[in-house]
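Summary of the model geometry
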Amino acid sequence: MTSFVECFGSPPTVTAQAHGRLNLIGEHTDYNGGFVLPTAIPQYTRVELRARPDARVRVFSENVGEHAPMAEYELGSEAPVSDWIDYVQGVTQSLSRVGFRLIGFEARVESTVPVGSGLSSSAALEVALVRAIKALFGLAVDDVLTAQLCQRAENEFVGARVGIMDPMACSLAAEGEALLLDTRDLAYRRIVLPTAVLAPVAIDSGIAHRNAGGDYNARRAECEAAAAMLSVKALRELNEADLPRLKATMPDTLFRRTRHVVTENARVLRAATALEAGDAVTAGHLLDASHASLRDDFEVSIPEIDALVAVAQAHPDVFGARLTGGGFGGSIVALAHVEKALGAARDIAAEYSRSGVGATATVLVPATAGDTS
Ligand code: GLA
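Along each chain, residue indices are assigned from 1 in the same order as the chain's sequence is written. Reporting in this predicted model follows two pLDDT cut-offs: at least 70 for local features of residues, and 80 or more for side-chain atom pairs to be given and counted; totals over whole chains, interfaces and linings ignore these cut-offs and use all residues. Hydrogens and waters are ignored; side-chain quantities use all the structure's heavy atoms.

1. Brief notes about the site of the ligand
We call a residue near a molecule or strand when any one of its heavy atoms sits within 4 Å of it. Lining the immediate surroundings of the ligand are 13 residues, of which E27, H28, D30, D166 and Y216 lie closest. Pairs of N or O atoms within 3.5 Å make up the polar contacts considered here, provided that, within protein, one atom can donate a hydrogen while the other can accept it, and that residues adjacent in sequence are counted only when both atoms are side-chain atoms. R21 places a side-chain nitrogen or oxygen 3.2 Å from an oxygen atom of the ligand. Within the side chain of D166, an N or O atom sits 2.6 Å from an oxygen atom of the ligand. Surface accessibility follows the Shrake-Rupley procedure with a 1.4 Å probe radius. Residue values consider only the protein chains on display as shielding. When the free accessible area of the ligand is taken as 310 Å², the share hidden by the protein chains comes to 99%. Under the convention adopted here, Pro, Cys and the residues Ala, Val, Leu, Ile, Met, Phe, Trp and Tyr are nonpolar, Asp, Glu, Lys and Arg are charged, and Gly plus all remaining residues are polar. Residue composition of the shell around the ligand, by class: four nonpolar, five polar and four charged. Domain limits in this description derive from either an automatic procedure or a database domain assignment. Counting residues domain by domain, the shell around the ligand receives three or more from each of domain 1 (4–189) and domain 2 (194–367).

2. Structural notes on the pairing of strand β4 (residues 70–74)
The cut-offs for exposure are 20% and 50% of the maximum accessible area for each residue type, with area from a 1.4 Å probe on protein chains only; residues under the lower value are buried, those over the upper are exposed, and the others partly exposed. Helix and strand assignments follow DSSP, with helices taken as H or I runs no shorter than four residues and strands as E runs no shorter than two, numbered in order from the N terminus. Side chains A71 and Y73 project from β4 onto a buried face, and the interleaved M70, E72 and E74 project onto a face without burial. Should DSSP find at least two bridges between two strands, the strands are taken to pair. Relative to β4, strand β3 (residues 56–61) runs antiparallel, the two sharing five bridges. In the sheet register, V59 faces β4, and the bridge partner there is A71.

3. Description of the sheet that holds strand β9 (residues 318–324)
The pairing of strands in a sheet happens through backbone hydrogen bonds and is either parallel or antiparallel. Pairing within the open sheet is antiparallel, and its four strands lie in the order β9-β10-β8-β11. The sheet is open, and its two edges are formed by β9 and β11 (362–365), each paired on a single side. Neighbour-to-neighbour, the strand axes of this sheet turn through a mean angle of 25°, independent of strand direction. As paired strands, strand β8 (residues 198–204) and strand β10 (residues 331–337) are joined by seven bridges and run antiparallel to one another. Looking at the pairing, V201 lines up with A334 of β10. Each of β8, β9 and β10 touches helix α9 (residues 280–296); the most contacted strand, β9, lies at about 30° to it. Together, β8, β9, β10 and β11 form the strand contacts of helix α11 (residues 341–354), whose direction differs from that of β8 by roughly 25°. Every axis in this analysis is a line fitted to C-alpha atoms, fitted for helices over the stretch in contact. Angles between the N-to-C directions lie between 0 and 180 degrees. Whether two residues are in contact is decided by their heavy atoms, any of which lying within 4.5 Å being enough.

4. What about the packing of helix α3 (residues 121–137) against helix α5 (residues 165–172)?
How two helices pack is summed up by the angle between their axes together with the distance between the axes. It is at 9 Å that the axes of α3 and α5 come closest, and there the two elements cross at 50°. Accordingly, the angle class assigned to the pair α3 and α5 is oblique. Remark: the crossing between α3 and α5 carries right-handed chirality. Facing A123, A124, V127 and R131 of α3, the residues of α5 in contact are D166, P167, C170 and S171. Its residues assigned to classes, the contact of α3 with α5 comprises five nonpolar, one polar and two charged. Any angle that falls under 35 degrees is termed roughly parallel, while one over 145 is termed roughly antiparallel, one within 65 to 115 roughly perpendicular, and all others oblique. Two helices cross in a left-handed way if the nearer one is turned anticlockwise from the farther one by less than a right angle. They cross in a right-handed way if the turn is clockwise.

Okay, structure coming up:
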């Protein structure tokens, strides 16, 4: 560990942090104007900050090891370099574009959110940074604007066409509750999780995913094509009663993409109701159905993730499981019996790693000491 003082000579003036997120259900719905249900995980990213008298930004990251931990640039001259500093550059450019005038700063970043696992390490960094900059300069930025600025950083600067779920979750979700978010108008409601009954589990498949990758953007393009074909602004506007009619008129691939979005939106609302009622069994079945839809209709799973989900679904202490995040690797989410969650997660990871898939799974949630704030 290298302290802020060791990096920059004197202590920081502000410290802020943001947690990673785990999406319980509602996958590939956020860029279709639909519903999502993420929760916060114990792992977090912390940013320490101190102003500089000039326009220079210097950032030290504790998490990149020997590989260029210090990066710098000039405010107003942000330019992508395809590295972690792009998330910082994207945030300062987004803040400037909406009219905030910044001066330079020194920052130190440390994070326990794993990168490439589908738990929003980038959004956690961006949200923590906006919070730190907001505190340092006294900016009038609320939690929703924070999320919007972070999405803009990803979309316009980093070049990842991600939706609003991850920054909204990192900005607004808390542990022990899920954020039922309507991505059409950003209205949200907090769903208290029945933590006397169940606990969320996240297990990394050992296969890294990339949002900036072409597969994610290809799915977005298919959804946009389907919406255009159906003359709706977003697939969110359709519901399950429309599906028989659409099946008869749409090309098969676009129909299946549409069916995933429509049924997933319905599942999110049903899962929120089930969780509020403490009905872990129904919530678990909805996760299982979500996975089948992501695998068969939306085609964002991979064999290793299917294998990990199958092992989880077969575990006696698990109510349901599915891939979480963008897919094509990353992590799975499961709902497990609260007292058995860590043991179940370890069993599942061990069985998957032994099963000949060629990858090693890691339990991320429940977190163990060292990952939590
Ligand atoms: C990624 C994106 C999110 C969302 C999910 C899929 O995590 O960052 O905006 O689209 O994929 O649900």
